[in-house]
Amino acid sequence: MKVSRAHPWHLVAGFVIWATWFVFTYGGVAVACQLAKPAAGAGPFNWINLSFLIPTFLIVIYLGICAFKSWRVAANAENEPRFLLRVAATSYLASAISTLAVGIPLLAMAPCI
């Protein structure tokens, strides 16, 4: 079953995806640090950060694609669906930026301080 681009679910879907990613990343880093802490001198480029960077960038790309598709469909929609689609596109874009902003420290900080 495919949900229409103009369905109200798309108004919150981006933030639901972002919240799920946030819990997965911070919880996963905490568990990984308890199970196999990397060497203190490894810096930010270790297996924990790299294993969470890949899902981060995939989610940013996915949210960006959803924002683009919603914005593109809005161009041919009627008044009310056009408003919903543009709000959904903005929501997806804000979620992508939030994911990127929270995920960038994985490139700069050691995970198990």
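These figures come from a predicted structure and were not determined experimentally.

**Remarks on the overall build of the chain**
Stage number 1. Looking only at helices and strands, one finds 4 helices and 0 strands in the chain.
Stage number 2. In terms of overall size, the chain is more extended than a compact globule, its C-alpha atoms giving a radius of gyration of 17 Å where 113 residues would be expected to give roughly 13 Å.
Stage number 3. Expressed along its principal axes, the backbone C-alpha trace of the chain runs to roughly 55 × 25 × 20 Å.
Stage number 4. Here the chain holds 113 residues, and the buried ones make up 33% of them.
Stage number 5. Long-range contacts, defined here as pairs at least 24 residues apart, represent 77% of the contacts in the chain between residues at least 6 apart.

**Quick word on the nonpolar core**
Stage number 1. Membership of the largest hydrophobic core is limited to 8 residues, which are Val 29, Ala 32, Cys 33, Ile 48, Phe 52, Leu 53, Leu 106 and Cys 112.
Stage number 2. Listing elements by their share of this core, those giving two or more residues are helix 1 (9–35) and helix 2 (47–74).
Stage number 3. Core analysis: the next-biggest nonpolar cluster, separate from the first, contains 6 residues, Leu 63, Cys 66, Ala 67 and Tyr 92 among them.

**Focus: helix 3 (residues 79–103)**
Stage number 1. With 25 residues, helix 3 should cover 36 Å at 1.5 Å per step; its first-to-last C-alpha distance of 36 Å lies within 8% of that length.
Stage number 2. Those residues of helix 3 that sit buried are Leu 84, Leu 85, Ala 88, Ala 89, Ser 91, Tyr 92, Ser 95, Ala 96, Thr 99 and Gly 103.
Stage number 3. As for helix 3, its buried residues are in contact with helix 1, helix 2 and helix 4 (105–108).

**Quick notes on the side chain of His 10**
Stage number 1. Among the secondary structure elements, His 10 is positioned in helix 1.
Stage number 2. Relative accessible area serves as the criterion here: at 8%, His 10 is assigned to the buried category.
Stage number 3. Reaching out from His 10, the side chain makes a polar contact with the side chain of Tyr 92 at a distance of 2.7 Å.

**A look at a nonpolar patch on the surface**
Stage number 1. A cluster of nonpolar side chains, Phe 45, Leu 50, Phe 57, Leu 100, Ile 104 and Leu 107, forms an exposed patch at the surface whose accessible area comes to about 510 Å².
Stage number 2. Within the secondary structure layout, Ile 104 lies in the loop between helix 3 and helix 4.
Stage number 3. Judged by its relative accessible area of 38%, Ile 104 falls in the partly exposed class.

**A few points about helix 2**
Stage number 1. The terminal C-alpha atoms of helix 2, which comprises 28 residues, lie 41 Å apart, in line with the 40 Å expected from a rise of 1.5 Å per residue.
Stage number 2. Inspection of helix 2 places Ile 48, Asn 49, Phe 52, Leu 53, Thr 56, Val 60, Leu 63, Cys 66, Ala 67, Ser 70 and Ala 74 among the buried residues, and these make up the whole buried set.
Stage number 3. The inward-facing, buried residues of helix 2 abut helix 1, helix 3 and helix 4.
Stage number 4. Sitting at the amino-terminal end of helix 2 is Asn 46, which places a side-chain oxygen 3.0 Å from the backbone nitrogen of Ile 48.

Calculation criteria
Per chain, the residues get numbers from 1 upward, laid out in the order the sequence is written. Thresholds applied to this predicted model are a pLDDT of at least 70 for local features of residues and 80 or more for the giving and counting of side-chain atom pairs; totals over whole chains, interfaces and linings are not thresholded and use all residues. Neither water nor hydrogens contribute to the side-chain values; these are computed over all heavy atoms in the structure. For the purposes of this entry, the term helix denotes a DSSP run of H or I that reaches at least four residues, the term strand denotes a run of E that reaches at least two, and both are numbered from the N terminus. Note that the radius of gyration is over C-alpha atoms, with the globule rule given as 2.2 Å times the number of residues to the power 0.38. Any residue under 20% of the maximum accessible area for its type is buried, any over 50% is exposed, and the rest in between are partly exposed; the area is computed with a 1.4 Å probe on protein chains only. It only takes one pair of heavy atoms within 4.5 Å for two residues to be counted as in contact. Take the buried residues of types Ala, Val, Leu, Ile, Met, Phe, Trp, Tyr and Cys, join any two whose side-chain atoms come within 4.5 Å, and each joined set is a nonpolar core. Multiply 1.5 Å by the residue count of a helix minus one, and that product is the helix's expected span. Pairs of N or O atoms within 3.5 Å make up the polar contacts considered here, provided that, within protein, one atom can donate a hydrogen while the other can accept it, and that residues adjacent in sequence are counted only when both atoms are side-chain atoms. Within the patch definition used here, like charges are joined within 9 Å and nonpolar side chains (Val, Leu, Ile, Met, Phe, Trp, Tyr) within 5 Å, considering only residues with over 30% relative accessible area and no salt bridge. Accessible surface area values rest on a Shrake-Rupley calculation with a 1.4 Å probe, where residue burial reflects the displayed protein chains alone. Any carboxyl oxygen of Asp or Glu within 4 Å of a side-chain nitrogen of Lys or Arg constitutes a salt bridge here.

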